[in-house]
Amino acid sequence: MDLIFSSKYYTSYQSSTERCFYIDFGHKMVKVSFCQLLSLRHRSKQMSSNEYLDHLLNHNDTVLLSICDKQHMILLDTLMVLDFIDFIKGTFTMLELNEVLTV
């Protein structure tokens, strides 16, 4: 497995032999396909909206994130949500950068 990106709470890896990705949530390693990774990016974009963050800070302090068609459930607090948003952005940035460098 090759390291793609690491943040305070999360780490992403790519497995060329299995043609999949792994996300380490600290306490759980989750295997995801590229389509599922795209779904997480869509979810992180929703989480980064001002309305969502305002609601999170004023009404909730936790988010239940379902991954891989609800096979995995991850509970995130506010700081973990903010780090998750940056983590997904960083992961896709590194994937795009790797694509540019290898072509």
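Here, every reference points to the structure presented above.
What this report covers is the structure whose coordinates are included nearby.

Rules of the game
- Residues numbered from 1 in each chain as written.
- Predicted model: local features only at pLDDT ≥ 70, side-chain atom pairs only at ≥ 80, totals over all residues.
- Heavy atoms only, no water.
- Buried < 20%, exposed > 50% of the residue type's maximum accessible area, 1.4 Å probe, protein only.
- Helix = DSSP H or I, 4+ residues; strand = E, 2+ residues; numbered from the N terminus.
- Pairing = 2+ DSSP bridges.
- Core = buried A, V, L, I, M, F, W, Y, C linked by side-chain atoms within 4.5 Å.
- Contact = heavy atoms within 4.5 Å.
- Expected span 1.5 Å × (residues − 1).
- Arc of directions from axis to C-beta.

## Describing the pairing of strand β3 (residues 20-24)
Then, number 1: Where burial is concerned, most of β3 is hidden: four out of the five residues are buried.
Then, number 2: Two strands pair when backbone bridges link them, and β3 and strand β4 (residues 29-32) are joined in this way by four bridges, in the antiparallel orientation. Looking at the pairing, Asp 24 lines up with Met 29 of β4.
Then, number 3: The turn linking β3 back onto β4 is made up of four residues, and Gly 26 within it adopts a positive phi angle of 95°.

## Observations concerning the nonpolar core
Then, number 1: Formed by 26 residues in total, the largest nonpolar core has its most connected members in Phe 25, Val 32, Ile 67, Leu 76 and Phe 84.
Then, number 2: With eight residues, the single largest contributor to this core is helix α3 (residues 78-102).
Then, number 3: Contact partners of Val 32, with chain neighbours within four places excluded, come to Cys 20, Phe 21, Ile 23, Leu 37, Ile 67 and Cys 68.

## Some words on the pairing of strand β6 (residues 72-77)
Then, number 1: Where burial is concerned, the two faces of β6 differ: the one with His 72, Ile 74 and Leu 76 is buried and the one with Met 73, Leu 75 and Asp 77 is not.
Then, number 2: Remark: four residues form the turn of the hairpin made by strand β5 (residues 62-67) and β6, two consecutive strands paired antiparallel; Cys 68 in that turn has positive phi of roughly 60°.

## A look at helix α1 (residues 34-47)
What sets the pattern is the α-helix's 3.6 residues per turn: residues three or four places apart point alike.
Then, number 1: For α1, which comprises 14 residues, the first-to-last C-alpha distance of 20 Å matches the rise-based estimate of 20 Å (1.5 Å per residue) to within 8%.
Then, number 2: Looking at α1, one finds that the buried residues are Leu 37, Leu 40, Ser 44 and Met 47. Buried residues along α1 cover an arc of 70° about the axis, so they all sit on one side. Seen from the open side of α1, the exposed residues pointing more than 90 degrees away from its buried face are Cys 35, His 42 and Lys 45.

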